[in-house]
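This is what each chain is made of:
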Amino acid sequence: MDLILWRHAEAQDGEPDAKRALTSKGKRHAARVGAWLDQQLPEQCRILVSPAVRCLQTAAGLGRRYTVHDALDTESTAERMLEACGWPGNRFPALLIGHQPLLGELAALILAGAKQPWKIRKAGVFWIKGSDADDNLPFIRLAVGPELIGTLR
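Keep in mind that this is a model prediction, so the values were computed, not measured. (Residues numbered from 1 in each chain as written. Predicted model: local features only at pLDDT ≥ 70, side-chain atom pairs only at ≥ 80, totals over all residues. Heavy atoms only, no water.)

Novice: Even after reading the chapter, I still don't get the overall build of the chain, so can you show me in this structure?
Specialist: Looking only at helices and strands, one finds four helices and six strands in the chain. Along the chain, helices and strands appear, N-terminal first, in the series β-α-β-α-β-α-β-α-β-β. Scaling as 2.2 N^0.38, a compact globule of 153 residues should have a C-alpha radius of gyration of about 15 Å, and the chain matches this with 14 Å. Taken along its principal axes, the extent of the C-alpha atoms in the chain is 45 × 35 × 25 Å. Counting only contacts in the chain whose residues sit at least 6 apart along the sequence, the fraction spanning at least 24 positions is 61%. Summing over all exposed atoms, the chain offers an accessible surface of approximately 7,900 Å²; the carbon and sulfur share of this is 48%. Distance between charge centroids for the chain: 7 Å, based on 20 positive and 17 negative side chains. (Helix = DSSP H or I, 4+ residues; strand = E, 2+ residues; numbered from the N terminus. Rg over C-alpha atoms; globule rule 2.2 N^0.38 Å. Contact = heavy atoms within 4.5 Å. Areas by Shrake-Rupley, 256 points an atom, 1.4 Å probe, with all protein chains shown as cover. Lys, Arg positive; Asp, Glu negative; His and termini not counted. Charge placed at Lys NZ, Arg CZ, Asp CG, Glu CD.)

Next up, the structure:
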């Protein structure tokens, strides 16, 4: 199972936290990364999104249908997110659009076996491949920020 983590793009400051919208730069990054991801993701990829406005606006940059899931909100846990997407046993890949530090903790939990404060940049993508035939261990397929998306082939 592939698990793709996409951190929401840059958002405005303010309260309440769940209502913070993307900045102009955030909208540009969401559109750029979303267009690139749309070309990379398999058709059957499940897309789960935090209910926060900035995450919904980031998901809009992808242009695909998605499911809003409370397991991805700012008060969630890495374990709840894993359960929501069915890692590692679901036969379909999943894209999670959410927040720091949760996405970084989730990546660390999968790859290092413990939650650690790994950082994923705003609008950044961290793609984890479930395993390969050699050793059955998950590995990093891609880790990239929005400024490099246009350079990838």
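Novice: How should the sheet that holds strand S2 (residues 46-49) be read in this particular structure?
Specialist: Backbone hydrogen bonds are what pair the strands of a sheet, in a parallel or an antiparallel way. What the six strands build is an open sheet, ordered S3-S2-S4-S1-S5-S6; its pairing is mixed. Looking at which strands have only one partner, the edges of the open sheet turn out to be strand S3 (67-68) and strand S6 (139-144). Inspection of the sheet shows S2 paired to strand S4 (residues 94-98) by four bridges, in the parallel sense. Residue pairing across strands places isoleucine 47 opposite leucine 95, the latter belonging to S4. (Pairing = 2+ DSSP bridges.)

Novice: What's the story with the packing of helix H3 (residues 78-85) against helix H4 (residues 102-112) in this structure? I'm lost.
Specialist: Between two packed helices, what matters for the description is the angle formed by their axes and the separation of those axes. At a minimum axis distance of 9 Å, the contact between H3 and H4 shows a crossing angle of 75 degrees. By the angle class used here, H3 and H4 are roughly perpendicular. Facing H3, whose interface residues are Ala78, Glu79, Met81 and Leu82, H4 presents Leu102, Leu103, Glu105, Leu106, Leu109 and Ile110. A breakdown of the residues in the contact of H3 with H4 according to their chemical character gives eight nonpolar, no polar and two charged. (Axes fitted to C-alpha atoms, helices over the stretch in contact; angles between N-to-C directions. Parallel < 35°, antiparallel > 145°, perpendicular 65-115°, else oblique. Nonpolar A, V, L, I, M, F, W, Y, C, P; charged D, E, K, R; others polar.)

Novice: Would you mind showing me how to read the pairing of S2 here?
Specialist: Each regular strand displays side chains that alternate between the two surfaces of the sheet. Pairing geometry for S2 and S3, over two bridges, is parallel. Following the sheet pairing, valine 49 is matched in S3 by valine 68. As for the winding sense of the linkage, the β-α-β connection from S2 through helix H2 (residues 53-60) to S3 is right-handed. (Right-handed = clockwise from strand over helix to strand, strands pointing away.)

Novice: Please clarify how the state of the cysteines should be interpreted in this entry.
Specialist: Such a bond, covalent and formed between the sulfur atoms of two cysteines, is termed a disulfide. Taken as a whole, this structure holds zero disulfides when the rule is applied. Here cysteine 45 stays unpaired: no disulfide links it, and the sulfur of cysteine 85, its closest cysteine neighbor, is 10 Å away. The exposure class of cysteine 45 is buried, given its relative accessible area of 9%. Residue cysteine 85 is classed as buried on the basis of its relative accessible area, which comes to 0%. (Disulfide = S-S within 2.5 Å. Buried < 20%, exposed > 50% of the residue type's maximum accessible area, 1.4 Å probe, protein only.)

Novice: Please clarify how the pattern of salt bridges should be interpreted in this entry.
Specialist: A side chain with one charge can pair with a side chain of the opposite charge if their charged atoms come near. This model, assessed by the stated rule, comprises seven salt bridges. Of the charged contacts in the structure, one is a salt bridge between arginine 20 and aspartate 17, with a shortest N-O distance of 2.8 Å. For glutamate 79, the salt bridge goes to lysine 115, with nearest N and O atoms at 3.3 Å. With glutamate 79 in helix H3 and lysine 115 in the loop between H4 and strand S5 (125-129), this pair connects stretches of sequence that are 36 residues apart. You can call lysine 115 partly exposed: its relative accessible area is 41%. Connected through salt bridges with shared partners, the residues Asp17, Arg20 and Arg54 form a single ionic network. (Salt bridge = Lys/Arg side-chain N within 4 Å of Asp/Glu carboxyl O.)

Distances and angles like these do not, on their own, reveal function.
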